Amino acid sequence: MNSQTEHPISAAPAGDVKTERGLSRAWAIVRAGFHWALCASFFFPACISLIALSIFVDPRKNDGAQRLLCRVTMKLAGAKLIVRRAPGFDPTRTCFLIANHVNLFDPFLLYATIPQFFRGLELESHFRVPVYGWMMKRFGNVPVPVSNRPADLKRMWRLTRAALDSGVSLAVFPEGQRTVTGHVGPFKDGVFRMALQFGTPIVPVSMVGAFQFTKKTGWMLRPGTIIVYLHDVIETENLRKEDVPALRDRVHAIISRPIDEGLHLDDK
């Protein structure tokens with residue numbers, strides 16, 4: 001089962017919010033509850049099965065099953081996924097995949113659409129979430145400490161470097177929190193400093209329509225289309241630490257452009 005379609009980069013589409021506004025509130029609630037029930041009935045048994053399988057099989061060798069979990073979860077939630085690759089996107093490059101942060105489905109959306117093996121930098125607190133946290137730990141995600149203690153930060157940098165050196169790309173949400181407006185919030189510098197220090201390229205990723213699909217501030221699911229833009233690779237090898245602000249702002253602008261266009265079309 002595969003709900004992805006690939007197209008060249010083009011303008012972002014209008015969202016599905018206006019269609020939703022024409023529906024009665026009661027029907028919207030029933031529909032959202034139905035999709036949540038579908039997701040839960042599939043996700044938890046499938047997730048537990050994957051964790052059990054990972055005891056005997058290296059997670060890198062059952063990547064197809066993990067992608068299937070994410071694609072089916074998104075489909076059951078009511079999302080139609082479209083992927084648009086820029087000409088300069090190279091799925092064979094180990095990189096930092098830097099994306100906007102919208103809702104709880106973001107990790108599933110990324111893994112359902114990005115055509116390369118990768119893991120994520122996730123808040124350490126997420127590793128304590130039942131089932132999901134166990135899977136993240138077993139599959140090799142890198143914990144991001146809540147505190148700024150030198151020992152914790154050093155451990156994160158060490159684990160990040162080890163993942164990149166082994167050929168594993170890492171997905172990062174540099175906003176550090178989910179948006180409440182739909183627009184991309186300010187980026188923290190951490191991942192950009194690591195990219196420069198390690199000489200690791202960056203791929204900006206824009207998730208357009210994810211905010212219309214569901215928001216941090218509510219539980220409603222609004223079935224519709226989500227487009228994932230995989231932008232051109234940005235090299236960092238010859239950059240210096242003084243270039244961090246310019247690199248950060250450049251990546252922010254690239255990610256924001258199709259998202260802002262989509263939100264603007266929704267407002268018309």
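Remember, predicted model here, so these are calculated numbers, not experimental data.

With that settled, the discussion passes to the environment of A246. The topology assignment puts A246 in helix α9 (residues 244-267). What makes A246 exposed here is its relative accessible area of 52%. Sequence separation of A246 and G88 is 158 residues, and the distance between their C-alpha atoms is 20 Å.

The next subject is the environment of H101. By the element assignment, H101 lies in the loop between β3 (96-99) and α4 (106-113). In this structure H101 touches D106, F173, E175, Q177, R178 and T179, once residues within four positions along its chain are discounted.

The next subject is the pairing of strand β7 (residues 202-208). Within β7, seven of the seven residues are buried, which leaves the element mostly enclosed by the surrounding structure. Side-chain alternation along β7 places I202, P204, S206 and V208 on one buried face and V203, V205 and M207 on a second face that is also buried. The pairing of β3 with β7 spans four bridges and is classified as parallel. When the sheet's bridge partners are listed, L97 is paired in β7 with V203.

So, on to the pattern of salt bridges. For the structure on display, the rule yields nine salt bridges. In this structure, D189 engages R248 in a salt bridge whose closest nitrogen and oxygen atoms are separated by 2.7 Å. Separated by 59 residues along the polypeptide, D189 in the loop between β6 (169-172) and α7 (190-198) and R248 in helix α9 bring together distant segments of the chain. Across the salt bridge formed by D249 and R248, the nearest N and O atoms sit 3.1 Å from each other.

All right, on to the environment of G78 then. Inspection of the secondary structure assignment puts G78 in the loop between α3 (63-76) and β2 (79-85). Along the sequence, G78 and C39 sit 39 residues apart, while their C-alpha atoms lie 9.5 Å from each other. With residues near it in sequence (within four places) discarded, G78 still touches H35, F213, P223 and G224.

To continue, consider the confidence of the model for the protein. When pLDDT is averaged along the protein, the result is 87, and 90% of the positions lie at 70 or above. Scored below 50 in pLDDT, residues 7-20 makes 44 contacts in the model with residues more than four places away or belonging to other chains.

This part takes up the side chain of H231. Assignment of secondary structure puts H231 in the loop between β8 (224-230) and α9. A polar atom in the side chain of H231 sits 2.8 Å from the side chain of S206. Ignoring sequence-local partners within four residues, the contact set of H231 consists of A86, F89, V203, P204, V205, S206, I254, I255 and P258.

Quick look at the packing of aromatic side chains now. Describing an aromatic ring pair means giving the distance of the ring centres and the angle of the ring planes. If you walk through the whole model with that rule in mind, you get seven aromatic pairs. With a centroid separation of 5.4 Å and an interplanar angle of 90 degrees, the aromatic rings of F43 and F108 are classed as edge-to-face. Here F43, found in helix α2 (residues 25-56), pairs with F108, found in helix α4; they are 65 residues apart in sequence, far enough to count as distant. Under the relative-accessibility criterion, F108 is labelled buried at 10%. By way of ring pairs, the aromatic residues W36, F105 and F213 are connected into one cluster. Above the ring of Y111, the side-chain terminus of R67 is found at 4.3 Å from the ring centroid. One residue, K215, lies across the ring of F211, its end atom 4.6 Å from the ring centre.

Procedures and definitions
Residues numbered from 1 in each chain as written. Predicted model: local features only at pLDDT ≥ 70, side-chain atom pairs only at ≥ 80, totals over all residues. Heavy atoms only, no water. Helix = DSSP H or I, 4+ residues; strand = E, 2+ residues; numbered from the N terminus. Buried < 20%, exposed > 50% of the residue type's maximum accessible area, 1.4 Å probe, protein only. Contact = heavy atoms within 4.5 Å. Pairing = 2+ DSSP bridges. Salt bridge = Lys/Arg side-chain N within 4 Å of Asp/Glu carboxyl O. pLDDT = per-residue confidence, 0-100. Polar contact = N/O pair within 3.5 Å; in protein donor to acceptor, adjacent residues only side chain to side chain. Phe/Tyr/Trp six-rings, centres within 6.5 Å; stacked < 30°, edge-to-face > 60°. Lys NZ or Arg CZ within 6 Å of the ring centre and 35° of its normal.

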